[in-house]
Amino acid sequence: MRRSILSSLRAHLGRLVAACLAIVLGVGFGTLAMTAHSSATHGIDETIGKQNAGVDAVIQSSRESITPADVAKVKTLPQVASVVAETSAYMQVQWAGQVRPDSLAIAARYDTTKIAGPTTTSGKLPEAKNEIALPAKLADKYKIAIGQDIKLSTWQGKAYLVKVVGLLDDTTSIGSANAVATAATVNTFEPQAYINQVKVAASPGVTQPALAGAITAAVGQGLETFTGEGWIDHEVKQITNGIDVLGGVFGMFAVIALFVACLVIGNTFTIVIAQRTREMALLRCVGASRKQVFSSVLAEATVVGLVASGIGVVFGVALSAIALTLARSFDWGLPPVDLHLDLASVFIPLLLGTIATILAAVVPARRATRVAPLAALRPEAAPVAKSKAGIVRLVFGFLLLAGGGALLAQGASSHQVIIGVAGGVISFVGILSIGSLLVPALVKVLGALPARTGGVPARIAVANAVRNPRRTAATTSALLIGVTLISLTCVGIASVRKTFDVTMDKEYPVDVTMTVDDEKLPATAGSQLKNIKGITEVVPIRSALVKSGQNTLEVTGIDPSTASSVIHDPALVKQLQPGTALLDQNTMYELNAENGAVVTIVSGKQKVNFKVVKANGLARITVVTADLQKLAPTAAVTGYWLASDPKADGPKVMDELKQSLPTVKNLNISGGLPERSFYTKVFDILLLVAVGLLGVSVLIALVGVGNTLSLSVLERTRENALLRAMGLTRPQLRGMLAVESLLMALVAAGLGIALGLIYGWSGTAALMGGQIDGPISYAVPGRLLITIALVAAVAGLLASILPARRAAKVAPAGALATE
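Starting afresh in each chain, residues are numbered from 1 along the sequence in its written order. Reporting in this predicted model follows two pLDDT cut-offs: at least 70 for local features of residues, and 80 or more for side-chain atom pairs to be given and counted; totals over whole chains, interfaces and linings ignore these cut-offs and use all residues. Computation of side-chain values: all heavy atoms of the structure, hydrogens and water removed.

## Considering the overall build of the protein
Our working rule: Secondary structure elements follow DSSP: runs of H or I of four or more residues count as helices, runs of E of two or more count as strands, with numbering from the N terminus. Residue exposure (1.4 Å probe, protein chains only): buried if accessible area is under 20% of the type maximum, exposed if over 50%, otherwise partly exposed. Accessibility throughout is a Shrake-Rupley quantity obtained with a 1.4 Å probe, and a residue counts as covered only by protein chains that appear here.
Across its full length, the protein carries 29 helices and 19 strands. Considering the protein as a whole, with its 819 residues, one finds that 47% of them fall into the buried category. Accessible area of the protein: about 40,100 Å², with a carbon and sulfur share of 61%.

Written as structure tokens, this is what we have:
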């Protein structure tokens, strides 16, 4: 049997390439997920470990702040060899070429003989009171060289001149690194500097738990004490939580790809066994038992699975290395991560790929043993469309569909994600179970038009597509899974994004608010702001100080005709009417006013009554310009409300705004633009990653479509030859197979998009319903869904090319001679 297995593998190597491709892609992305996750976790672990080298205990504020008295108590403990109290001063620095100062955190230098501290890439660490070392990336950004003087100032306006004596190594820093100065310098800048944390090194022979216990007894329960190892674990978990979530998402996609690969593998082995019917019958005739035939098929699957999984592991590791290299070119605020391989990330995908291949080949292997030797030598009978097992399966499928749908609705209404996921999985399994009934029915409906207008080849294509309902359902199932998941992801992300936008519109109705205090804005301020890239609308606002009772407040007026161009919440724009004052929550509390109440605002001799409407995110009190002019006819323009392009780079726009209007000394800039821009980028990245990874499952599924068509061509050799003999041309034969493939692809795409809409909306309700105030905003990403359908259609046509060429190459007479 071993020779038979090897010869069979060589003889059908071309057919097995499709199965190998499916396994390679599935295992490759599983390896990518595990390798990238282990590399990121290992890199963060090493970075945190280096930063805390020599640390045996860490004290962090919990219910109370760390005081100098607490540090003094720790220093007196006999278990302590070294104590470092990390303090920082927060200063303002005027960089060259910048209109306004920026903030700079400066950490105090400490003794690093026992506890690791900052190091320099060039120059030295500060030693004198007028010296400072800057992070290398920051110095490079603002072109600061060693020996250059920079001006620092406190928030109270006191200025200092310091010299840059070194550039700090910040390649392993997580986030922005601090500058470093001597402890005396930091104390001068900020005498009451906050103690961030205290790092402690133990005396010789003292264990970390013993040291932590002694410190806890000395400082009390108001402060939290970690052992050195416990602190590293704590810091790593804080950073890798998102990495773990992302790794889980990638792993889920890899499992999906592997599951789709199993469907393709099963179809591939079905094709191979159909081609080898005579061969297996001859083996049975010469004495091979059913067990030996079954074992030979599984042995072939084992070899294929092991080889393809090995290639997939190499493919995944290579992708991981490329991805980590590309990640270094982006500023994620994380240290560079090197490729790290462990046994789990290599052997688990290898093992899963091999086992999945074997399991996928079990059903075809069992089918190969059911045919008696003499019956196998005769032509295979047409498949039976209905069976008792099929009826049981349909009933079971409808029950799963009903139960899963109920759980899906329950999860959406109760905002329980786990219940919703369970309902989605169960209902989808129900859809797959009734696929042999549902898919052919949809193919008939969809094929009605081409059957009427496409002539005999189109009618035959529709009939062929539903000839074997179970196989057609299995083929479309692979593509259905991919399309459903892509549609679900697109609909879910679009709905979450729309819900987020609506929530942001309520919390930050204006993208950017820019105001000045006791300064006059230049006449060209509006045009200067409008010229900043990313700013689309600039609307001036006027302000005046008024009184309401004993409270002195600032009232802001805006022209209602232009307000809609910068205020995103239409409800607020509608409420901005004469006689109405929009108050934020703090002002309402200060005035002891409720929504709908009437407040009286006084300015000099002018007195105006306003109806109160709660409106967060605008000014303290916002009225129309006409009402403000009644209170303060000479109110000047004191700022602008700005709207931005949704695709604008928020942080970059904010940086340009901070450096705008150079004649103005102080600008107050606020708004939700940076947060909105950040989450927009996150949504775009998630969508790109999800579609890319799920696209792999679609690619695997299309290999399955091609395989099914190949099996169809094999089974219909006589039929196709007879059609050719009756006058069907080769182009018509190829067109017939193309229509058949297109129908299956379009049914899978249409059903998948419909399911994606249902699952995407219900998933959004389950995920977001309990986290926001107000209704969820559902979205239909029409362009994306149409693109998915078109891609599926084109890919279905491409999948038919090779089988159609194979069918068209056989001469009618030669094919009719086949027994």
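From this point, the discussion proceeds with the structure in view.
## Quick notes on a nonpolar patch on the surface
Convention followed: Two distance rules govern patches: like charges are joined within 9 Å, and nonpolar side chains (Val, Leu, Ile, Met, Phe, Trp, Tyr) within 5 Å, applied only to residues with over 30% relative accessible area and no salt bridge. Here, a salt bridge means any side-chain nitrogen of Lys or Arg that lies within 4 Å of a carboxyl oxygen of Asp or Glu.
A cluster of nonpolar residues, V417, V421, V425, V429 and L767, forms a patch on the protein surface that exposes about 390 Å² of accessible area. It is helix α13 (residues 417-433) that provides the largest number of residues to the nonpolar patch, a total of 4 residues. Following the sequence through the fold, V417 ends up in helix α13. Judged by its relative accessible area of 40%, V417 is partly exposed.

## Regarding the pairing of strand β11 (residues 512-515)
Keep this limit in mind: By definition, two strands form a pair when at least two bridges between them are found by DSSP.
Strand direction decides the pairing type here: β11 and strand β18 (residues 637-644), joined by 4 bridges, are antiparallel. Looking at the pairing, M514 lines up with Y640 of β18. Looking at chain direction, β11 and strand β19 (residues 668-670) are connected through 3 bridges and run antiparallel. When the sheet's bridge partners are listed, M514 is paired in β19 with I669.

## As for the packing of aromatic side chains
For the record, the criterion: Two rings belonging to Phe, Tyr or Trp (six-membered ring only in the last case) form a pair when the distance between their centres is within 6.5 Å. Interplanar angles under 30 degrees mark stacking, angles over 60 mark edge-to-face geometry, and anything in between is tilted.
Under the counting rule described, the total for this entry stands at 4 aromatic pairs. Seen from their ring centres, W95 and Y142 are 4.6 Å apart, and the 5° between their planes marks the pair as stacked. One end of the pair, W95, is in the loop between β2 (80-93) and β3 (102-108); the other, Y142, is in the loop between α4 (136-141) and β6 (149-153), and 47 residues separate them in sequence. A relative accessible area of 4% places W95 in the buried class.

## Focus on unusual backbone geometry
Of note, D518 is a non-glycine position whose phi angle comes to about 55°, a positive value. Mapped onto the elements of the fold, D518 is located in the loop between β11 and α18 (525-530).

## Focus: the side chain of D56
Put simply, the rule is: None of His or the chain ends enter the tally, which takes Lys and Arg as positive and Asp and Glu as negative. Contacts were defined at the residue level, with two residues in contact if any of their heavy atoms lie within 4.5 Å.
Mapped onto the fold, D56 is located in the loop between α2 (13-51) and β1 (57-61). Despite being buried, D56 has no salt bridge partner; K114 is the closest side chain of opposite charge, sitting 8.6 Å away. In this view, D56 contacts V200, A201, A202, Q208, L211, F226, T227 and G228; residues no more than four positions away in its chain are not counted.

## Some details on the pattern of salt bridges
Tallied over the full model, the rule gives 5 salt bridges. Close ionic contact of E590 with R620 constitutes a salt bridge, the shortest N to O distance being 2.4 Å. Here E590, found in helix α21 (residues 585-591), pairs with R620, found in the loop between β16 (606-614) and β17 (621-624); they are 30 residues apart in sequence, far enough to count as distant. For R620, a relative accessible area of 34% gives the class partly exposed. Because the salt bridges share partners, they merge into one network encompassing K124, E127 and E131.

## Section: the packing of helix α14 (residues 435-446) against helix α26 (residues 730-768)
Put simply, the rule reads: For every element, the axis is a line fit to its C-alpha atoms; helices are fit only across the contacting stretch, and the angle between N-to-C directions ranges from 0 to 180 degrees. Angle categories are assigned with fixed cut-offs, so that under 35 degrees is roughly parallel, over 145 is roughly antiparallel, 65 to 115 is roughly perpendicular, and the rest are oblique. We call a crossing left-handed when the near helix sits turned anticlockwise from the far one by less than a right angle, and right-handed when that turn is clockwise. All amino acids are sorted into three groups, where Ala, Val, Leu, Ile, Met, Phe, Trp, Tyr, Cys and Pro are nonpolar, Asp, Glu, Lys and Arg are charged, and the leftover types, Gly among them, are polar.
The interhelical angle for the contact between α14 and α26, taken along N-to-C directions, is 110°, at an axis separation of 10 Å. Viewed along their axes, α14 and α26 adopt a mutual orientation that is roughly perpendicular. Read as a crossing pair, α14 and α26 show a hand that is right-handed. For the pair α14 and α26, the contacting residues are L438, V439, L442, V443 and L446 in the first and L743, L746, V747 and L751 in the second. A class-by-class count of the residues in the contact of α14 with α26 yields 9 nonpolar, no polar and no charged.

## Some details on the nonpolar core
Spelled out, the test is: Side-chain atoms within 4.5 Å link the members of a nonpolar core, which is a set of buried Ala, Val, Leu, Ile, Met, Phe, Trp, Tyr and Cys residues.
Of all hydrophobic cores here, the largest spans 28 residues; its most connected members are L479, V705, L785 and I788. When residues of this core are traced back to their parent elements, those giving at least two are α17 (469-507), α24 (673-715), α26 and α27 (782-799). Apart from residues lying up to four places away in sequence, L785 is in contact with S487, V491, I753, L757 and V780. Residues M91, A139, A181 and F189 belong to the second largest nonpolar core, which totals 22 residues.

## Structural notes on the packing of α14 against α17
Interaxial distance between α14 and α17 falls to 8 Å at its minimum, and their mutual angle equals 85°. With respect to α17, the axis of α14 lies roughly perpendicular. Contacts from G435, S436, V439 and P440 of α14 reach α17 at P469, R470, T472, A473 and T476. Split into classes, the residues belonging to the contact of α14 with α17 amount to 4 nonpolar, 4 polar and 1 charged.

## Details of a negative patch on the surface
Basically, it comes down to this: By convention, charge coordinates are those of NZ in Lys, CZ in Arg, CG in Asp, or CD in Glu.
On the surface, D45, E46, E229 and D233 cluster together to form a negatively charged patch. Structurally, E229 can be placed in helix α7 (residues 228-275). E229 sits in the exposed class, given a relative accessible area of 57%.

## A few points about α17
As a reminder of what qualifies: A helix is expected to reach a length of 1.5 Å times the quantity of its residues less one. Bend is the name given here to the angle between axes fitted to two runs of seven residues, the run ending at a residue and the run starting at it.
Between the first and last C-alpha of α17 there are 53 Å, a value that for 39 residues agrees with the 57 Å anticipated at 1.5 Å per step. Along its length, α17 reaches its greatest deviation from straightness, about 30°, at S477. Taking burial as the measure, the 39 residues of α17 include 28 buried ones, the bulk of the element.

## Some details on the side chain of T354
Residue position: T354 is located in helix α10 (residues 343-369). Using a relative accessible area of 10% as the deciding quantity, one classes T354 as buried. Not counting residues within four places of it along the chain, the set of residues in contact with T354 comprises T302, G305, L306 and S309.

## Considerations on helix α25 (residues 717-725)
Our working definition: What the arc describes is the spread of directions from the helix axis to the C-beta atoms.
All buried positions along α25 are accounted for by N720, A721, L723 and R724. For α25, the angular spread of the buried residues around the axis is 160°, confining them to a single face. Of the residues trailing α25, G727 is marked for its positive phi of about 120°.

## Digging into the environment of R718
Its location among the elements puts R718 in helix α25. Using a relative accessible area of 45% as the deciding quantity, one classes R718 as partly exposed. Sequence separation between R718 and P812 is 94 residues; the distance between their C-alpha atoms is 8.5 Å.

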